[in-house]
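Reading the structure
Here are the chains, one letter per residue:
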Amino acid sequence: MKHLMRSASLAGVAAVALALTACSGGGDDAGDSATVAANDAQAEITYAIWDENQKPAIDQNIKDFNKEYPNIKVTVDLTPYQQYFTKLQTQGESKTLPDVFWMNGPNVQLYAANDLLQPVTGLVDSGDLDPSKYPDALNELYTFEDEQYGVPKDFDTVALWYNKALFADAGVDLPTDEWTWDDFSEAANTISDKLSDKGVYGVVTELNSAGQSSYYDTILQAGGFMISDDGTTSGYDEPESIEGLQFWADLVESGASPSLQQLSDTKPNIWFNSGKAAMFTSGNWSVAEMKDSKHKDDFGIVRLPKGPEQRATVIHGVANVVAADSENQAAANAFLSYLGSEEAQRTQAEMGVANPAYDGTQEAFVDSVPSFGIEVFLESADEMAFPYPISKNTAAWNALENELLPQAFSGERPVEEVAKELATAMDEELAKE
């Protein structure tokens, strides 16, 4: 599942707080135990998500939830990620937010600051939720001003997917966990050269919007950073960060990767899934799609190549949240608690749709498609993971990344020039927070 692609601009979210002045982030209902919902006859709640690949597991979660709460009807609202947060903003302004919905790291602080989310403190105090069952980094990610607002659902890291058949066709040795940038680039270029008559490229990745599966990782591998630890300064103008960006620009320029226009016309996952790309840098969210591919028997996974400075991948995870203005707080709390349970998260693991956050359930995800080598994602989380970069208004500088960086990757402008412009503009946005 793709968790961290850019959200739509949330510049208008500040107005949401005015529209919801009657809402509270921690009213009396927020402290209700989930068990109260058992008495809510015929309660109806909406659950908003953005990944169609996870719908089967979610449907199963709802069926299992209804064994205990048969009078709570849960309706799934599926919206593609590209429109998801734009839709949420509109719903917030009109007081029609879903009762329970997916939230990501780049947006949580902004929504929490505008009193759109209910803290989970009451559920923790009542014993319906135990934060110690989830990774500390994810609990911290969904905490704002000492209040936790999200229940971790899953977590992801990024690795290198590859197609064994295409490597064999090109006569190139398969990737290993010991690969460096040089090994990666040489293989990508060789495959593109040798299989060009078949329309096959060496590598695809997301360069038009999201950085989690591409340039965020290479920036870190080169020793750079996207945002300072205190969230006040951009790192895009650092030489190491520029080196991490240049890595992808060079692959596009050499023809090892499709052009940005090609990647816009046909998404990277489609290139790889259809057998037209030998390598694909992506996260464990792709397992749900790749396990149903006609090429699935050819797929393998290794760690991302080591950069000039270190090994690195970004780590993140989606959380479930409850709307502060939900009219069905008790029912929403009951469902939120169930989604955070070992049973619910083990279900999504066994169905191979996501790597669950609940402690002890990840092995079921690894075993769901043993041929892939999914354990690479867990090993990467333990040994080479860096937190996803966020600030209070991440969306503001995400928009700048989306506007400027494609100009560097396409060759329209020099990478260093674009990176320095981005850093200056990003610093200006951070100063406003």
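As the structure is a computational prediction, the values presented were derived from the model and not from experiment.

Definitions and limits used
- Residues numbered from 1 in each chain as written.
- Predicted model: local features only at pLDDT ≥ 70, side-chain atom pairs only at ≥ 80, totals over all residues.
- Heavy atoms only, no water.
- Helix = DSSP H or I, 4+ residues; strand = E, 2+ residues; numbered from the N terminus.
- Rg over C-alpha atoms; globule rule 2.2 N^0.38 Å.
- Buried < 20%, exposed > 50% of the residue type's maximum accessible area, 1.4 Å probe, protein only.
- Contact = heavy atoms within 4.5 Å.
- Lys, Arg positive; Asp, Glu negative; His and termini not counted.
- Charge placed at Lys NZ, Arg CZ, Asp CG, Glu CD.
- Core = buried A, V, L, I, M, F, W, Y, C linked by side-chain atoms within 4.5 Å.
- Pairing = 2+ DSSP bridges.
- Axes fitted to C-alpha atoms, helices over the stretch in contact; angles between N-to-C directions.
- Salt bridge = Lys/Arg side-chain N within 4 Å of Asp/Glu carboxyl O.
- Expected span 1.5 Å × (residues − 1).
- Arc of directions from axis to C-beta.
- Phe/Tyr/Trp six-rings, centres within 6.5 Å; stacked < 30°, edge-to-face > 60°.
- Parallel < 35°, antiparallel > 145°, perpendicular 65-115°, else oblique.
- Nonpolar A, V, L, I, M, F, W, Y, C, P; charged D, E, K, R; others polar.
- Polar contact = N/O pair within 3.5 Å; in protein donor to acceptor, adjacent residues only side chain to side chain.

What to know about the overall build of the protein
The helix and strand tally for the protein stands at 19 helices and 13 strands. A compact globule built from 433 residues would reach a C-alpha radius of gyration of about 22 Å, and the protein, at 22 Å, matches this within 12%. Taking all 433 residues of the protein together, the buried fraction comes to 59%. Contacts spanning at least 24 positions in sequence make up 77% of the contacts within the protein whose residues lie at least 6 apart. Within the protein, the 71 negative side-chain charges are centred at a point lying 8 Å from the centre of the 26 positive side-chain charges.

A short note on the nonpolar core
Phe101, Tyr215, Tyr236 and Met279 are the most contacted members of the largest nonpolar core, which totals 134 residues. Residues contacting Met279, with those up to four places away along its chain left out, are Leu160, Trp161, Tyr162, Phe167, Trp179, Phe184, Ala187, Ala188, Gly202, Val203, Val204 and Phe272.

Overview of the sheet that holds strand β8 (residues 201-204)
On the basis of which strands lie adjacent, the open sheet formed by four strands has the order β8-β9-β7-β10 and mixed pairing. Either end of the sheet is taken by a strand with one partner, and the two such strands are β8 and β10 (299-302). Pairs of neighbouring strands in the sheet enclose a mean axial angle of 20°, with direction left out of account. Sheet topology places β8 next to strand β9 (residues 277-283); three bridges connect them, and they run parallel. Across the sheet, Val203 pairs through a bridge with Met279, a residue of β9. The sheet contacts of helix α8 (residues 181-194) involve β7 (158-163), β8 and β9, and relative to β8 the element is tilted by about 130°. Set on the sheet, helix α17 (residues 375-383) makes contact with β7, β9 and β10; between it and β7 the angle comes to about 150°.

Here we look at the pairing of β7
The buried fraction of β7 amounts to six of the six residues, a majority that puts the element mostly inside the structure. The sheet contact formed by β7 and β9 spans five bridges and is antiparallel. The residue of β9 that forms the bridge with Trp161 is Phe280. Note: β7 against β10, four bridges, orientation antiparallel. Residue Tyr162 lies in a different strand from β10, and its bridge partner there is Gly300.

Details of the sheet that holds strand β6 (residues 151-152)
Taken together, the five strands give an open sheet; going across it, the order is β2-β1-β3-β12-β6, and neighbouring strands pair in mixed fashion. Single-partner strands in this sheet number two, and they are β2 (72-78) and β6. Pairing of β6 with strand β12 (residues 319-322) involves two bridges; the strand directions are antiparallel. Bridge assignment links Val151 to a residue of β12, and that residue is Asn320.

Examining the pattern of salt bridges
Counted by the stated rule, this structure contains 14 salt bridges. A salt bridge links Lys87 to Asp77; the shortest N-O distance between them is 3.1 Å. On the criterion of sequence distance, the pair formed by Lys87 in helix α3 (residues 81-93) and Asp77 in strand β2 is long-range, its members being ten residues apart. Judged by its relative accessible area of 31%, Lys87 falls in the partly exposed class. Overall, the relative accessible area of 18% leaves Asp77 in the buried class. The shortest N-O distance in the salt bridge between Arg413 and Glu421 comes to 2.6 Å. Judged by relative accessible area, Arg413 falls into the buried class, the value being 18%. What emerges from the salt-bridge pattern is a single network uniting Arg303, Glu379 and Glu383.

As for α3
With 13 residues, α3 should reach 18 Å at 1.5 Å per residue; the first-to-last C-alpha distance of 19 Å fits that figure. For α3, every residue scored as buried is listed here: Tyr81, Tyr84, Phe85, Leu88, Gln89, Gln91 and Gly92. Looking straight down α3, one finds that the buried residues subtend no more than 165° of arc, so they occupy a single side. Lys95 occupies a position one or two residues after α3 and carries a positive phi of about 60°.

Re the packing of aromatic side chains
Counting across every chain of the model gives 28 aromatic pairs. Ring plane angle 90° and centroid distance 4.8 Å describe the contact between Trp50 and Tyr81, whose orientation is recorded as edge-to-face. With a gap of 31 residues between them, Trp50 in the loop between β1 (43-49) and α2 (55-68) and Tyr81 in helix α3 connect regions that are remote in the sequence. Assigned by exposure class, Trp50 and Tyr81 land together as buried. Look at Phe184 and Phe247: their rings are 5.8 Å apart centre to centre, the planes differ by 25°, and that puts the pair in the stacked class. Of this pair, Phe184 sits in helix α8 while Phe247 is found in helix α10 (residues 239-254), placing the two residues 63 residues apart along the sequence. In this pair, the class of Phe184 matches that of Phe247, namely buried. An aromatic cluster of three or more residues is present, and its members are Tyr162, Phe167, Trp179, Trp181, Phe184, Phe247 and Trp248.

With respect to the packing of α10 against helix α18 (residues 394-409)
Their axes nearest at 8 Å, the elements α10 and α18 cross at an angle of 50°. As summarised for this structure, α10 and α18 are arranged oblique, according to the angle between their axes. Contact residues: Leu245, Trp248, Ala249 and Val252 in α10; Leu405, Ala408 and Phe409 in α18. Here the contact of α10 with α18 is built from residues that sort into seven nonpolar, no polar and no charged.

A look at the side chain of Ser391
Relative to the helices and strands, Ser391 resides in the loop between β13 (385-387) and α18. Among the polar contacts made by the side chain of Ser391, one reaches the side chain of Trp397 at a distance of 2.9 Å. Not counting chain neighbours up to four residues away, the residues in contact with Ser391 comprise Gln109, Ile227, Gly231, Trp397, Leu430 and Glu433.

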